[in-house]
Amino acid sequence: MFRLRLVPDNTNIQFMRGRHAGLIVSAFLSIASVVLFFYPGLNYGIDFRGGIVIEARTPQAADFASLRHTLTQLNMGQVALQEFGSPQDVLIRLERQPGDDAAQQVAADKVRATLAQEIPGTTVRRVEAVGASVSGELFFNGMLALGLALLAMLVYIWFRFEWQFGFGAIVTLLLDVTKVVGFYAITGMQFNLTAIAAILTIMGYSTNDKVVVYDRMRENLRIYKKMPLRELIDRSINETLNRTLGTSMSTLLSILPLAFFGGEALQDFGIVLIFGIFLATSSSIFIAAPILLFLGENRLRRNAPVDNAAPAANPTP
């Protein structure tokens, strides 16, 4: 039976030769991402900086390009439009206007009047203002969710593997998260609750990928008792390479439609996930594995010689 193999069987790529370059490049990108987080900073969405949400229904299917142009002329800051249910239902998000709650009501009334004038028959079904306190609470809860997710993954990997595996996985996750934040800063995409969901999804995918590779390493540690750790790690990565690339490819194919056809609501989410897939796959090989090699060189192989490696058996790829 024919099976599609993304890489040939019995590959012997020496990934650990590039361990120093991988760690240096990753550290540089993460430091640059932290700098970008503070300057020029992230483009926070309405969820995190407050604003106005208006739900409207147009007589016919909404022309988003024309509607965005019309609302932009009001000079009330960034305008975000989203289809809400049917093609006639539109969710309009505006930046929080300078001033108190009365200023938000004035801005909402201005939008309502503009819609009635430019698109006769339009009805405004709901108007909500996200205040500074609410947006601050949403931001805190989003950051709390990221922190708790990191902690939960640390506990899971720590108990399932030796502490070296857990430390390597969490450090790699932190580096991945900082790079995703840097990606938001460079692209100018809105950083909102959807961004938090994207980061959590990438963290879950990245952890799963590292668990697959780590599990094979742990299995090989029991089988190849005299094999040097560097050679064993290379062997483990090669043995799981088809599975890693196959999982990444299938996930990528399922996300591409979101990035190209998901509309304004899902397009940014899909693009970030695509970036996250490449990031998680590469970090499992060039970041998590080298960290394990440095930490476990004299611990995981403490009582084993470093030469004359003789495999006891061949594990199933």
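Counting restarts for each chain, with residues numbered from 1 along the sequence as it is written. Reporting in this predicted model follows two pLDDT cut-offs: at least 70 for local features of residues, and 80 or more for side-chain atom pairs to be given and counted; totals over whole chains, interfaces and linings ignore these cut-offs and use all residues. Hydrogens and water molecules were not included; the side-chain quantities draw on all heavy atoms of the structure.

Put simply, the rule reads: UniProt positions are given in the numbering used here, feature names are shortened, and annotations may be inferred rather than shown by experiment.
Under an unreviewed UniProt entry, the name given to the protein is Protein-export membrane protein SecF, and the organism recorded is Azospirillum aestuarii. The Sequence similarities (unreviewed entry) field of the UniProt record for the protein holds the comment "Belongs to the SecD/SecF family. SecF subfamily." Per UniProt, the comment on the protein under Function (unreviewed entry) is "Part of the Sec protein translocase complex. Interacts with the SecYEG preprotein conducting channel. SecDF uses the proton motive force (PMF) to complete protein translocation after the ATP-dependent function of SecA."

## Focus: unusual backbone geometry
Let me state the cut-off plainly: The helix and strand labels rest on DSSP assignments: H or I over at least four residues marks a helix, E over at least two residues marks a strand, and numbering proceeds from the N terminus.
Of note, the bond from Tyr39 into Pro40 is cis; its omega dihedral lies within 30 degrees of zero at 5 degrees. For Pro40, the position within the fold is in the loop between α1 (19-38) and β1 (43-44). A positive phi angle, close to 55 degrees, is found at Asn75, a residue other than glycine. Relative to the helices and strands, Asn75 resides in the loop between α3 (64-72) and β3 (79-83).

## Concerning the pattern of salt bridges
Spelled out, the test is: The term salt bridge refers to a side-chain nitrogen of Lys or Arg lying within 4 Å of a carboxyl oxygen of Asp or Glu. Only protein chains enter the accessibility calculation, which uses a 1.4 Å probe; a residue whose area is less than 20% of its type maximum is buried, one above 50% is exposed, and one in between is partly exposed.
Scanning all chains against the criterion turns up eight salt bridges. A salt bridge links Arg216 to Glu239, with the nearest nitrogen and oxygen atoms 3.1 Å apart. With Arg216 in helix α7 (residues 193-223) and Glu239 in helix α8 (residues 229-261), the pair connects residues that are 23 residues apart, well separated along the chain. Overall, Glu239 belongs to the buried group, its relative accessible area being 15%. Arg235 is the partner of Glu239 in a salt bridge, and the nearest nitrogen-oxygen pair spans 3.0 Å. You can see Glu239 and its partner Arg235 sitting in helix α8, four residues apart, about one turn around the helix. Under the relative-accessibility criterion, Arg235 is labelled partly exposed at 29%. Where salt bridges share partners, they join Arg216, Glu219, Arg235 and Glu239 into one cluster.

## Overview of the packing of α7 against α8
For clarity, the threshold we go by: Each axis is a line fitted through C-alpha atoms, and for a helix only the stretch in contact is used; angles between axes span 0 to 180 degrees, taken between their N-to-C directions. The sense of a crossing depends on the near helix, which, turned anticlockwise from the far helix by less than a right angle, makes the crossing left-handed and, turned clockwise, makes it right-handed. Residues are treated as being in contact if the distance between any of their heavy atoms lies within 4.5 Å. Gly counts as polar in this scheme, as do all residues outside two lists: the nonpolar Ala, Val, Leu, Ile, Met, Phe, Trp, Tyr, Cys and Pro, and the charged Asp, Glu, Lys and Arg.
It is at 9 Å that the axes of α7 and α8 come closest, and there the two elements cross at 145 degrees. Crossing of α7 over α8 shows right-handed handedness. Residue-level contacts link Tyr205, Asp209, Val212, Val213, Arg216, Met217, Asn220 and Leu221 of α7 to Leu229, Leu232, Ile233, Ser236, Ile237, Glu239, Thr240, Arg243, Thr244, Thr247, Ser248 and Thr251 of α8. The class makeup of the residues in the contact of α7 with α8 is nine nonpolar, seven polar and four charged.

## Here's the deal with the nonpolar core
Rules: We call a set of buried residues a nonpolar core when its members are Ala, Val, Leu, Ile, Met, Phe, Trp, Tyr or Cys and they connect through side-chain atoms within 4.5 Å of each other.
One finds Val180, Tyr184, Phe191, Ile199, Met203 and Val272 to be the most contacted residues of the largest nonpolar core, which totals 33 residues. Broken down by secondary-structure element, the contributors of at least two residues to this core are α5 (132-160), α6 (163-187), α7, α8 and α9 (263-296). Examining the composition of this core, we find that eight residues originate from one element, α6, more than from any other. Listed in part, the 24 residues of the second largest apolar core include Ala169, Tyr214, Ile223 and Ala288.

## Quick notes on the confidence of the model for the protein
What counts here: pLDDT measures the predictor's confidence residue by residue and takes values from 0 up to 100.
Model confidence for the protein is summarised by a mean pLDDT of 82, while 88% of its residues fall at 70 or above. Looking over the protein, one finds the lowest element-wise mean pLDDT in helix α2 (residues 46-49), namely 77, and the highest in α1, namely 93. Here residues 303-317 is modelled with pLDDT under 50, and outside its nearest four sequence neighbours on either side it reaches 25 contacts, counting other chains as well.

## Things to note about the UniProt feature "transmembrane region" (unreviewed entry) in the protein
Per the UniProt annotation, the sites labelled "transmembrane region" (unreviewed entry) are residues 21-39, 138-159, 166-185, 191-208, 245-263 and 269-295. Each end of residues 138-159 is marked by a C-alpha atom, and these two atoms are 32 Å apart; helix forms 100% of the span and strand 0%. Secondary structure across residues 191-208 divides into 89% helix and 6% strand, with the first and last C-alpha atoms of the span separated by 25 Å.

## A short note on the packing of aromatic side chains
Applied cut-off: Here a pair means two rings of Phe, Tyr or Trp (six-membered ring of Trp) with centres within 6.5 Å. Their orientation is stacked below 30 degrees between planes, edge-to-face above 60, and tilted elsewhere.
All told, the structure shown has 11 aromatic pairs when counted by the stated rule. For the ring pair Phe15 and Phe286, a centre distance of 6.1 Å and an interplane angle of 70 degrees mean the geometry is edge-to-face. Of this pair, Phe15 sits in the segment before α1 while Phe286 sits in helix α9, placing them 271 residues apart in sequence. A relative accessible area of 10% places Phe15 in the buried class. Arranged with centres 5.8 Å apart and planes meeting at 80 degrees, the rings of Tyr44 and Phe139 form a pair that is edge-to-face. Placement of Tyr44 in strand β1 and of Phe139 in helix α5 is noted, with a sequence separation of 95 residues between them. You can call Tyr44 partly exposed: its relative accessible area is 24%.

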